[in-house]
Amino acid sequence: MKLLRSAGQRIGNKPAIALVILWSLFPLYWAAKTSLTTLASAEGRPPKYIPAPFTISNYKALFGIQSSGADIAYQFGRSLVNSTVESGGAMILTILIAVTSAYAFARLHMRFKGVIFASVIGTLLLPAYATLIPVYRMMSGWGLVNTYFGVILAYTAGFVPLAMWILYTYFQSIPAEIEEAAAVDGASALRTLIRIVIPLSAPGIASAAIITFMLGWTQFLFPLVLTSDLSSQPVTVIVAALNGQRVVPFTLLMGAAALAAAPPGIFALIMNRRIVQGLTAGGVK
Amino acid sequence: MNLTPTVADDSAAGEVTPSSVSSVRSRRSRRFRLRGSGGPGLRAGALPYLLVMPLVAAVGVFAVYPTALTTVGAFYEVDPLYPRHFVGLQNFRGVFTDPTTRISLINTLVYAAVGVAGATILGLAVAITLRRRFRSRGLILACVVLPWAVPSVVGAVIWGWIFDPNFGVLNGALTSAHILNHYYVWLGLHRFLTVVLIEVVQIWQIAPISALIILAALQSIPAQLYEAALVDGAGPWRTFRRVTIPLIRPALALSCVQALVLSLNIFDQVYVLNYDATSGSSLMLKTYVDTFSDLNFGQGYALSLTATLLTVVFTVTLLGLIYRRVSY
């Protein structure tokens, strides 16, 4: 018994940690591994756990370097552009709206401030069910279906309460003395915001911007409804479509999946500390 | 923060208000009024409202107004080609009598139950595993967060390949280990298994948030409480039950609520892994199909309203059950 316990102490929680890593990373490893081998190897029984033989021909096909996948390469490339424009556009619009409003909420005097703030934050609790169909019908009435602008508008409205909340907390953590000094020197509120608050909050604004971009990149239901052709379909919709065709080889499909997951994945790795802080801020108390 | 003392002193010495000089510290937390004037045409008090207007417009037009439309539309027969007309509760009768809708409703309840329990228990296990500081913990936390960042459609496509009946690694690994003697069709054959496996895919993506929330709470428990428990002769299990769990209840509540809302809304994973079959269908998928394939907008609105109310009622109930204010 004593022997067992000391052995247990030496091993500690290493097996548990190994399990956690296996559970988190195995699917991603498996997608990457499949995309880096031939179809014959990927579909072999029993499964091979390393990419042998190793090939990057799937990525060549996805980028149109190989003629075999020219059609898919065109769709996939275009959808990556669409995703970038839509997530990027939503990011810029969201941050513009969120910075100005968060500043007003954090620092300026306003009537009904509490009510407006609570109502805006309250919309975070609305499930997609509540808004999907009317938003589609409004967009279609305005001719904004299948346009970048329509998707960007829908994303912005969905993301801006969260971004505003993140920035509001950040602005409140900045000491007010600096802004008061600016006010004493005769700077207007707007000037104070642009010259002092925004530069001081650059890290907060950057993390809100990256979280917004990630949210945009990972959207599926709204773009599925709001876009129906390649002029605006983002990469998530195209990956689902390639999967649904049932004829695209798994090796190519996993290459597409890996590329579609890469931008938010890389952001998550770089921004890990900030994301952890941002996501856990409310959970402690 | 590069706040040089001279700047702060200047502002304190300047003639703002007499009280500001006396206590700098109290002003730190106080909200103050800045002059809101921009130029000659702008009234002094208008600026805050102008700054907030785009936000209110965006949220009003694309969140509040659509929710109102959904609520009203649920009581109308809506066809894109004809003017809508009032039908009372007829759309809701469709929701509760149509057998495929009932399957979706029951499935959604199973998705939610499995999702809430799975994400929170797994999150708790991961948080306990990573509670102590060690050298590579930051790196491991980054790995834990990674599935959350993957688009859920992409995650579902990857898991679809893992579950594949002919070439999937799940079949391959289980037959190599002689747990299965033949390759098995995991999705679409058995309804309950399909729902649970699709929810596993969602748990893979949402459990990281639960883990982070619970980890933050675990780390804020003072060590003295554990020492006191040890002195009182409490074993590990008793300490966990009587000290840890009560103190992380707010985090557990938050974890459950985020898992609940996400699993009641499950769509992407079901769309990818079980699109054409009703066996795994969820309310959100059913709403999508009714509305955008069958063009029955009224039915879609009624389903949406039912699901929204379900979400609100469940969230409030769950919070009431789990959330307790803690102080230590």
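Conventions we followed
- Residues numbered from 1 in each chain as written.
- Chains lettered and ligands numbered in written order.
- Predicted model: local features only at pLDDT ≥ 70, side-chain atom pairs only at ≥ 80, totals over all residues.
- Helix = DSSP H or I, 4+ residues; strand = E, 2+ residues; numbered from the N terminus.
- Buried ≥ 20, exposed ≤ 12 C-beta atoms within 10 Å, placed from the backbone.
- Rg over C-alpha atoms; globule rule 2.2 N^0.38 Å.
- Contact = placed C-beta atoms within 7 Å.
- Core = buried A, V, L, I, M, F, W, Y, C linked by C-beta atoms within 7 Å.
- Nonpolar A, V, L, I, M, F, W, Y, C, P; charged D, E, K, R; others polar.
- pLDDT = per-residue confidence, 0-100.
- Axes fitted to C-alpha atoms, helices over the stretch in contact; angles between N-to-C directions.
- Parallel < 35°, antiparallel > 145°, perpendicular 65-115°, else oblique.

Caption draft 1: Examining the overall build of chain B more closely. Each helix and strand counted, chain B has 16 helices and two strands in total. The buried share among the 328 residues of chain B stands at 43%.

Caption draft 2: Highlighting the overall build of chain A. Helix and strand counts for chain A come out as 15 helices and zero strands. Since a compact globule built from 285 residues should have a radius of gyration of about 19 Å, the 24 Å found for chain A marks it as more spread out than a globular shape. A principal-axis box enclosing the C-alpha atoms of chain A has dimensions of 75 × 70 × 35 Å. Residues classed as buried in chain A amount to 50% of the 285 residues present. Taking contacts inside chain A between residues at least 6 apart in sequence as the whole, the part at least 24 apart equals 70%.

Caption draft 3: Highlighting the nonpolar core. Within the largest apolar cluster, 168 residues are counted, with the highest numbers of intra-cluster contacts made by Leu167, Val239 and Ala257 of chain A. Sequence-distant contacts of Val239 of chain A, that is, excluding residues within four places in its chain, are made with Ala256, Ala257 and Ala260 of chain A together with Val153, Val154 and Val157 of chain B.

Caption draft 4: Structural view of the interface of chain A and chain B. Each partner contributes to the interface: chain A provides 89 residues, whereas chain B provides 89 residues. Broken down by class, the residue content of the side of chain A that touches chain B amounts to 62 nonpolar, 20 polar and seven charged.

Caption draft 5: Expanded view of the confidence of the model for chain A. The share of residues in chain A with pLDDT of 70 or more is 91%, and the mean pLDDT across the chain is 86. Mean pLDDT across the elements of chain A ranges from a minimum in helix H1 (residues 2-11) of chain A, with 57, to a maximum in helix H12 (residues 221-226) of chain A, with 94.

Caption draft 6: Region of interest: the environment of Cys256 of chain B. Residue and element names in this part refer to chain B. Mapped onto the secondary structure, Cys256 falls in helix H13 (residues 249-264). Along the backbone, Cys256 and Ile121 are 135 residues apart, and their C-alpha atoms lie at a distance of 9.6 Å. The residues touching Cys256, leaving out its near neighbours within four places in the chain, are Val116, Thr120, Leu318 and Ile322.

Caption draft 7: Spatial organisation of the packing of helix H7 (residues 128-141) of chain A against helix H4 (residues 47-73) of chain B. Closest axis-to-axis distance for the H7 of chain A/H4 of chain B pair is 7 Å, and the angle between their directions is 90°. Classified by the interaxial angle, the pair formed by H7 of chain A and H4 of chain B is roughly perpendicular. Together, Ala130, Thr131, Ile133, Pro134 and Val135 of chain A of H7 of chain A and Phe62, Ala63, Pro66, Thr67, Leu69 and Thr70 of chain B of H4 of chain B make up the contact between the two elements. Taken together, the residues of the contact of H7 of chain A with H4 of chain B break down into eight nonpolar, three polar and no charged.

Caption draft 8: Spotlight on the confidence of the model for chain B. For chain B, the average pLDDT comes to 81, and 84% of its residues sit at 70 or higher. Predicted complex metrics record ipTM = 0.90 and pTM = 0.86.

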